[in-house]
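Letter by letter, the chains look like this.
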Amino acid sequence: MSRRVVVTGLGAVCGLGLDWQTMWEGLTAGRSAIRAWRPPGVDDFPVRYAAPVDDAEFAARYGAEADPARPLERRARFGLAAAAQALADAGIDAPGTVGRIGTAVGSGVPERDPYELLHAIGEDGAPSWQTLFARRDRLDRASGLFCTNDALAAGIAARHRLRGPALNFSTACAGATHAIGHGMRMIRRGEVDAMVVGGADSVLNLPTMTGLHLLGAPSTSELFGDRLCRAFDRDRSGLVAAEGAAMLVLESEESARRRGAAIHAELAGFGSSLDAHQVTAPHPEGHGAALAMSRALADGGVVPEAVDSVNAHGTSTPLNDPIETRAIKDVFAAGEHYRKLAVTANKTMLGHLIAAAGAPELIATVLSVRDGIVPPTLNLENPDPACDLDYVPEKARYQEVSAAVSNSFGFGGLNASLVVRGYEH
């Protein structure tokens, strides 16, 4: 069995806004969520910019913690809010009436790792189970000990009584895209009728940002202020971290039409690959990235010449941007079709949502196809000669987008791409 898969629901929480409509309005208007940032209590941290969610606005809209004795991580709160939006957008308020629905999400590292065990033991304590058990009340209830990665998928499923599979994907910055792609395949195979898919992440805490900084990933430049994320520009200096969530409801065409649901677009193809090269550097010739794109196109039965736009991974890192450019050229080489592509880098406005990044970028891709608008790549003032595609600089472009590719490439050489096309019955 192979069924067509359509997108019927969208939900987003990010620095640009607390719903998908506000996010899309911000992306098409060329607004940036990137601003000055400091980890709480640390004034000399070298990373100075990020794209956080506004806590006060989020609490006003979605409420405070439901149970202070059992707090949720930030990523889980964002993910639950986005999932509720997506189900409401799909018109699913009673999941049991739709049929079999599952959940597949991507998430990154817990906000706090089990290093808190050491604090619980105490500076003078011996590392023993008895000592830890005696001081168990000191453990942070929001730590990695209690908030495991599968908690997000399970939490969404439990809150909405989704009794299909509940899956988590930990594939670095390609996590959400892998979750979406595998959710699509489960619907195709007839294992479920619909899936809530996407990702949620929040790395804007001292332990995780320190780890990213030690890997050399975030930019520490202060030259450009809130114009720091400069994908494909010769002055790009690293990623700008962000937080938030985005969720989509994928559904079989039959299920969506039976319910009379509004269909945003068709999710046509998914492809993935591994560079098998280095942890912190993509393959220099972009073989893995090209493979993911080619496999996604083949999976969807979409020829490269039918693609009008590419939502690039576009991290604003010195290695990603020219290598992704090369990979796009390889995939769309026939007839030099790459010259006709409108390429956009949403991270210049959203920042990098790390494990969740592929989800808001897929929503932008879906809406590009639906509305005929390609969001801009901000801050592209001095193009790198090695990055010579049409990146839609500074202002959104209104054009027909029949089919589009969305890319996500993660640490470790984990690559994933999705293909979206307009829905026609």
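Residue positions within a chain follow its written sequence, with the count starting from 1. Confidence filtering applies because this is a predicted model: local features only for residues at pLDDT of at least 70, side-chain atom pairs given and counted only at 80 or more, and all residues used for totals across whole chains, interfaces and linings. To obtain the side-chain values, all non-hydrogen atoms of the structure were used and water was disregarded.

Colleague: What should I look at first to understand the side chain of Ser 309 in this one?
Modeller: In this structure, Ser 309 sits in strand S9 (residues 309-311). Relative accessible area decides the class of each residue, using a 1.4 Å probe on protein chains only: under 20% of the type maximum gives buried, over 50% gives exposed, and in between gives partly exposed. Given a relative accessible area of 3%, Ser 309 falls into the buried group. A polar contact is formed between the side chain of Ser 309 and the backbone oxygen of Ala 342, at a distance of 2.8 Å. Pairs of residues are marked as contacts when any of their non-hydrogen atoms sit within 4.5 Å. Apart from residues no more than four positions distant in its own chain, Ser 309 is found in contact with Leu 341, Ala 342, Val 374, Val 401, Ala 403, Ala 404 and Val 405. Where helices and strands are cited, they refer to DSSP runs of H or I of at least four residues and of E of at least two residues respectively, numbered from the N terminus. Polar contact is the term for a pair of N or O atoms within 3.5 Å; when the atoms are in protein, one must be able to donate a hydrogen and the other to accept it, and sequence-neighboring residues count only if both atoms are side-chain atoms.

Colleague: Would you take a moment to explain helix H3 (residues 74-90) for this structure?
Modeller: An α-helical turn contains 3.6 residues, so a residue and the one three or four places further along point in the same direction. With 17 residues, H3 should cover 24 Å at 1.5 Å per step; its first-to-last C-alpha distance of 25 Å lies within 8% of that length. Taken across its 17 residues, H3 has 12 buried, putting it largely inside the fold. Regarding H3, the residues found buried are Arg 75, Ala 76, Phe 78, Gly 79, Leu 80, Ala 81, Ala 82, Ala 83, Gln 85, Ala 86, Leu 87 and Ala 90. Looking one or two residues beyond H3, the residue adopting positive phi is Gly 91, at roughly 75 degrees. An expected span of 1.5 Å times one less than the residue number is assigned to each helix.

Colleague: Can you help me understand the pattern of salt bridges in this one?
Modeller: When the charged atoms of two side chains lie near each other, side chains of opposite charge can form a pair. Definition used for salt bridges: Asp or Glu carboxyl oxygen within 4 Å of a side-chain nitrogen of Lys or Arg. Counted under the stated rule, the structure contains 23 salt bridges. A salt bridge links Asp 193 to Arg 3; the nearest nitrogen and oxygen atoms lie 3.8 Å apart. Of this pair, Asp 193 sits in the loop between helix H8 (175-188) and strand S6 (194-202) while Arg 3 sits in the segment before strand S1 (5-13), placing them 190 residues apart in sequence. The class of Arg 3 is buried, set by a relative accessible area of 14%. One salt-bridge network, held together by shared partners, links Arg 4, Glu 253, Glu 266 and Arg 421.

Colleague: Would you take a moment to explain the packing of H3 against helix H7 (residues 150-160) for this structure?
Modeller: For any two helices packed against each other, the geometry comes down to the angle between their axes and how far apart the axes lie. In this analysis an axis means a line fitted to C-alpha atoms, helices contributing only their contacting stretch, and an angle means the value between N-to-C directions, from 0 to 180 degrees. The geometry of H3 relative to H7 is characterised by a closest axis approach of 10 Å and an angle of 45 degrees between their N-to-C directions. Between H3 and H7, the interaxial angle falls into the category oblique. Considering only the axes of H3 and H7, their crossing is right-handed. Residue-level contacts link Arg 75, Ala 76, Gly 79, Leu 80, Ala 83, Ala 84 and Leu 87 of H3 to Leu 152, Gly 155, Ile 156, Arg 159 and His 160 of H7. Gly counts as polar in this scheme, as do all residues outside two lists: the nonpolar Ala, Val, Leu, Ile, Met, Phe, Trp, Tyr, Cys and Pro, and the charged Asp, Glu, Lys and Arg. Looking at the contact of H3 with H7 residue by residue, the classes come out as 7 nonpolar, 3 polar and 2 charged. Here roughly perpendicular refers to angles of 65 to 115 degrees, roughly parallel to angles under 35, roughly antiparallel to angles over 145, and oblique to all remaining angles. For any pair of crossing helices, the crossing counts as left-handed if the nearer helix is rotated counterclockwise from the farther one by less than a right angle, and right-handed if it is rotated clockwise.

Colleague: So what exactly am I meant to see when it comes to the pairing of strand S13 (residues 403-410) here?
Modeller: Working note: regular strand, side chains alternate between the two faces of the sheet. Of all 8 residues in S13, 8 are buried, a share of seventy percent or more. Burial along S13 is two-sided: Ala 403, Val 405, Asn 407 and Phe 409 facing one way and Ala 404, Ser 406, Ser 408 and Gly 410 facing the other are all buried. For two strands to be treated as a pair, DSSP must find no fewer than two bridges joining them. Of the pairings in the sheet, the one linking S9 to S13 comprises 3 bridges and is parallel in character. When the sheet's bridge partners are listed, Ser 309 is paired in S13 with Ala 404. Hairpin geometry of S13 and strand S14 (residues 414-421) is characterised by an intervening segment of 3 residues between the two adjacent antiparallel strands and by a positive phi of about 85 degrees at Gly 412.

Colleague: What should I look at first to understand the environment of Asp 93 in this one?
Modeller: Its location among the elements puts Asp 93 in the loop between H3 and helix H4 (95-98). Classification of Asp 93 as exposed rests on a relative accessible area of 71%. C-alpha of Asp 93 to C-alpha of His 160: the two residues are 67 residues apart in sequence and 8.6 Å apart in space.

Colleague: Explanation requested: the sheet that holds S1 in the structure shown.
Modeller: With mixed pairing, the 10 strands of this open sheet are ordered in space as S5-S4-S6-S7-S1-S8-S14-S13-S9-S10. Two strands close off the open sheet at either side, each with one partner strand: strand S5 (166-169) and strand S10 (342-344). On average, each strand axis in the sheet is inclined to that of its neighbour by 25 degrees, with strand direction left out of account. Strand direction decides the pairing type here: S1 and strand S8 (residues 265-274), joined by 2 bridges, are antiparallel. Across the sheet, residue Val 7 finds its bridge partner in S8, namely Ala 265. In the packing of helix H14 (residues 358-371) onto the sheet, contacts are made with S1, S6, strand S7 (243-252), S8, S9, S13 and S14, and the angle to S7 comes to roughly 55 degrees.

Colleague: Any chance you could explain the packing of helix H1 (residues 20-29) against H14 here in plain terms?
Modeller: It is the contact of H1 with H14, at a shortest axis distance of 11 Å, that shows an interaxial angle of 75 degrees. Our classification of the angle between H1 and H14 gives roughly perpendicular. Mapping the contact onto sequence places Trp 20, Met 23, Trp 24 and Leu 27 in H1 and Pro 360, Ile 363, Ala 364, Leu 367, Ser 368, Arg 370 and Asp 371 in H14. Looking at the contact of H1 with H14, its residues break down into 8 nonpolar, 1 polar and 2 charged.

Colleague: Sorry, what's going on with the environment of Val 343 here?
Modeller: With respect to the helices and strands, the residue Val 343 is situated in strand S10. When the C-alpha positions of Val 343 and Pro 375 are compared, they lie 9.0 Å apart, and in sequence the two are 32 residues distant. Not counting the four nearest positions on each side in its chain, Val 343 is found in contact with Val 310, Ala 312, Thr 377, Leu 389, Asp 390, Tyr 391 and Val 392.

Colleague: When you look at helix H9 (residues 206-214) in this model, what are you seeing that I'm missing?
Modeller: The set of residues buried in H9 consists of Thr 208, Met 209 and Leu 212. Considered in projection along H9, the buried side chains sweep an arc of 95 degrees and stay on one side of the axis. For this quantity, the arc is that covered by the directions from the helix axis to the C-beta atoms.

Colleague: Looking at this structure, I do not really get the packing of aromatic side chains. What am I missing?
Modeller: Pairing of aromatic rings covers Phe, Tyr and Trp, the last counted by its six-membered ring, and requires centre-to-centre distances within 6.5 Å; plane angles under 30 degrees mean stacked, over 60 mean edge-to-face, and any other angle means tilted. Under the definition given, this model contains 4 aromatic pairs. With a centroid separation of 6.3 Å and 85 degrees between ring planes, the pair formed by Trp 37 and Phe 45 is classed as edge-to-face. The buried category is assigned to Trp 37, whose relative accessible area is 10%. With a relative accessible area of 6%, Phe 45 lands in the buried category. Between Phe 58 and Phe 78, the aromatic rings sit 5.2 Å apart at their centres with planes inclined by 85 degrees, giving edge-to-face as the arrangement. Here Phe 58 is found in helix H2 (residues 55-62), whereas its partner Phe 78 is found in helix H3, with 20 residues between them in sequence. When sorted by exposure, Phe 58 lands in the same class as Phe 78, which is buried. An aromatic cluster of at least three residues, connected via ring pairs, comprises Phe 58, Tyr 62 and Phe 78. Cation placement over rings: the criterion is NZ of Lys or CZ of Arg within 6 Å of the ring centroid and within 35° of the ring normal. Lying over the aromatic face of Phe 224, Arg 230 brings its terminal NZ or CZ to 3.8 Å of the ring centre.

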